[in-house]
2 protein chains.
Amino acid sequence: MVDTRFPVSLHIMTGLANHHPDLVNSEQLAKSIQTNPSFIRKIVVSLSAAGLVESVRGKTGGIRLAKKAKDITLDQIYRAVTDTTLLALPKKTPNKTCAIACGIGNVLCQLTREVEDNALKQLSKKTLQDVLNQVMA
Amino acid sequence: MVDTRFPVSLHIMTGLANHHPDLVNSEQLAKSIQTNPSFIRKIVVSLSAAGLVESVRGKTGGIRLAKKAKDITLDQIYRAVTDTTLLALPKKTPNKTCAIACGIGNVLCQLTREVEDNALKQLSKKTLQDVLNQVMA
DNA sequence: AATAATGTATTCGCTATAGATACATTATTA
DNA sequence: TAATAATGTATCTATAGCGAATACATTATT
């Protein structure tokens, strides 16, 4: 299966932006995304740790943006919920009898970092407000 | 599990570049990458369809680059073996009662395309020869 | 005290991937 | 011509990763 945390997070954040500054609960978010509240809450923990959302416990609790949508960039959301690299890296220890196998790991690692830095720079140019505007247009 | 076709392909191609224009068989490549010959051959089919390698059947057969390493760019390798998008896209039909859910799909799709175009443009600036040089340095 | 939200842990099922195996096809070579 | 050794291809299996589902402790409101 594919990791959907970033698209789901963007969906969550856009929903919150749309209702800002009201609280929205995980049940409502789950309905919109067609998933279960528990999964929403797990993702919200990451978004909260990154300072992007606030969650309020208790009977009238819920979730809201921690800052204005125009002050949240997409790379912040991406970083908050993604721990894998954009390009896959092999995890086997290289065959030590082969010069290529020994050297290719570092090359791939550096290449991945370059691609990822670039993608994040690109994502940093779009704000959550941009996304909301585009969705509502 | 993670899709390792691109890193494995880069490894294969670098190995072939190093022995160019000699034939290398799938057994040798599998040893270097620590996988099985069948998996190598499956990937080689894709690389071959993209015109990046040639394979020769029969007793003295094997695999070699179809052109010089300096004329092969990394985006060509990536495209040859990758059919997924760089960022995940949700595949559920959106909740039609929610404006956000209805609009977010297109936004994500466009965003993914932008990020991917950019990454491929970046990969197109590096040649297989560059990778071989870096590995051997 | 009852209610309703988040936080968190656990279990389950599904899917995608690579591993493993087998064998047909093809070309060399003895 | 027969034996050999390579690719091409199909199939099955094991496993890892992900989200679904569930349960329940914790917390705050009413």
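This text follows the structure it describes.
Worth saying up front: this structure is predicted, and the values here are computed from it rather than measured.

Peer 1: Quick one: what's the story with the overall build of chain A, residue by residue and with numbers?
Peer 2: Scanning chain A from N- to C-terminus turns up six helices and two strands. Secondary structure elements of chain A occur, N-terminal to C-terminal, as α-α-α-β-β-α-α-α. With respect to the principal axes defined by its C-alpha atoms, chain A has extents near 65 × 30 × 25 Å. As displayed, chain A offers around 7300 Å² of accessible surface, 51% of which is attributable to carbon and sulfur atoms. On chain A, the mean spot of the 18 positive side-chain charges and the mean spot of the 11 negative ones are 4 Å from each other.

Peer 1: For the relation of the copies chain B and chain A, give the residues involved together with the corresponding values.
Peer 2: One copy of the chain maps onto the second through a rotation around an axis plus a translation along that axis. Between the two copies, chain B and chain A, the superposition gives an RMSD of 0.1 Å; the rotation angle is 180° and the shift along the axis is 0.0 Å. Given the turn and translation reported, the copies of this chain are related as if by a two-fold rotation axis. Mapped onto chain A, 100% of the interface residues of chain B are again interface residues, and the two copies thus contact each other with one and the same surface.

Peer 1: Give a detailed account of the interface of chain B and chain A, specifying residues and quantitative values.
Peer 2: The interface is formed by 47 residues belonging to chain B together with 47 residues belonging to chain A. The contact between chain B and chain A buries some 3800 Å² in all, and 70% of this surface belongs to carbon and sulfur atoms. Summed over the shared surface of chain B and chain A, the result is two salt bridges. Residues Glu114(B) and Lys126(A) are paired through a salt bridge, measuring 3.4 Å at the closest nitrogen-oxygen approach. If you look at where chain B meets chain A, you find 12 residue pairs in polar contact (both at pLDDT 80 or more). Looking at the side of chain B that touches chain A, the elements that each hand over two or more residues are α1 (5-19), α2 (26-33), α4 (74-81), α5 (99-123) and α6 (128-136) of chain B.

Peer 1: So, the side chain of Asp75(A): which residues are in play, and what are the values?
Peer 2: Residue and element names in this part refer to chain A. Tracing the backbone shows Asp75 in helix α4 (residues 74-81). Asp75 sits in the buried class, given a relative accessible area of 10%. Excluding residues within four positions of it along the chain, Asp75 makes contact with Leu120, Leu123 and Ser124.

Peer 1: A description of the protein's contact with DNA strand C should follow, citing residues and the corresponding values.
Peer 2: As a matter of local geometry, DNA strand C sits amid 29 residues, with Ser26(A), Ser55(A), Lys92(A), Thr4(B) and Thr35(B) nearest to it. When atoms of DNA strand C within 4 Å of the protein are split into backbone and base, the sugar-phosphate part holds 68%. A distance of 2.5 Å separates a phosphate oxygen of DNA strand C from a polar atom in the side chain of Ser55(A). Measuring from a sugar or linking oxygen of DNA strand C, one finds a backbone N or O atom of Gly58(A) at 3.3 Å. Among the secondary structure elements, those contributing two or more residues to the surface near DNA strand C are α3 (37-49), β1 (53-56) and β2 (62-65) of chain A together with α3 (37-49) of chain B.

Peer 1: Tell me what's going on with the protein's contact with DNA strand D, and back it up with residues and numbers.
Peer 2: Every one of the 28 residues lining DNA strand D counts as a neighbour, but Thr4(A), Thr35(A), Arg57(A), Ser26(B) and Ser55(B) are closest to it. The sugar and phosphate moieties of DNA strand D supply 68% of its atoms located within 4 Å of the protein. At 3.0 Å from a phosphate oxygen of DNA strand D is found a side-chain nitrogen or oxygen belonging to Asn36(A). One of the backbone nitrogen or oxygen atoms of Lys59(B) is found 3.3 Å away from a sugar or linking oxygen of DNA strand D. The set of elements that each furnish at least two residues to the surface near DNA strand D consists of α3 of chain A together with α3, β1 (53-56) and β2 (62-65) of chain B. A total of three residues in the surface near DNA strand D trace back to one element, the largest contributor, which is α3(A). Residue composition of the surface near DNA strand D, grouped by class: six nonpolar, 13 polar and nine charged.

Peer 1: Go over helix α6 (residues 128-136) of chain A, please, and point to the residues and values.
Peer 2: Within α6(A), burial applies to Leu128(A), Val131(A), Leu132(A) and Val135(A). Seen from one end, α6(A) has its buried residues packed into an arc of 100°, which puts them on one side. For α6(A), the secondary structure elements touched by its buried residues are α1 (5-19), β2 and α4 of chain A together with α5 of chain B.

Peer 1: So, the packing of aromatic side chains: which residues are in play, and what are the values?
Peer 2: Residue and element names in this part refer to chain B. The final tally for this structure, using the stated rule, is two aromatic pairs over all chains. Geometrically, the ring pair formed by Phe6 and Tyr78 is edge-to-face, given 5.3 Å between the ring centres and 65° between the ring planes. Linking Phe6 in helix α1 with Tyr78 in helix α4, this pair joins segments that are 72 residues apart in sequence. Across the pair, exposure class does not vary: Phe6 and Tyr78 are buried alike.

What counts, and where the lines are drawn
Residues numbered from 1 in each chain as written. Chains lettered and ligands numbered in written order. Predicted model: local features only at pLDDT ≥ 70, side-chain atom pairs only at ≥ 80, totals over all residues. Heavy atoms only, no water. Helix = DSSP H or I, 4+ residues; strand = E, 2+ residues; numbered from the N terminus. Areas by Shrake-Rupley, 256 points an atom, 1.4 Å probe, with all protein chains shown as cover. Lys, Arg positive; Asp, Glu negative; His and termini not counted. Charge placed at Lys NZ, Arg CZ, Asp CG, Glu CD. Least-squares fit on C-alpha atoms with pLDDT ≥ 70 in both. Contact = heavy atoms within 4.5 Å. Buried area = accessible area lost by both parts, 1.4 Å probe. Salt bridge = Lys/Arg side-chain N within 4 Å of Asp/Glu carboxyl O. Polar contact = N/O pair within 3.5 Å; in protein donor to acceptor, adjacent residues only side chain to side chain. Buried < 20%, exposed > 50% of the residue type's maximum accessible area, 1.4 Å probe, protein only. Near = heavy atom within 4 Å. Nonpolar A, V, L, I, M, F, W, Y, C, P; charged D, E, K, R; others polar. Arc of directions from axis to C-beta. Phe/Tyr/Trp six-rings, centres within 6.5 Å; stacked < 30°, edge-to-face > 60°.

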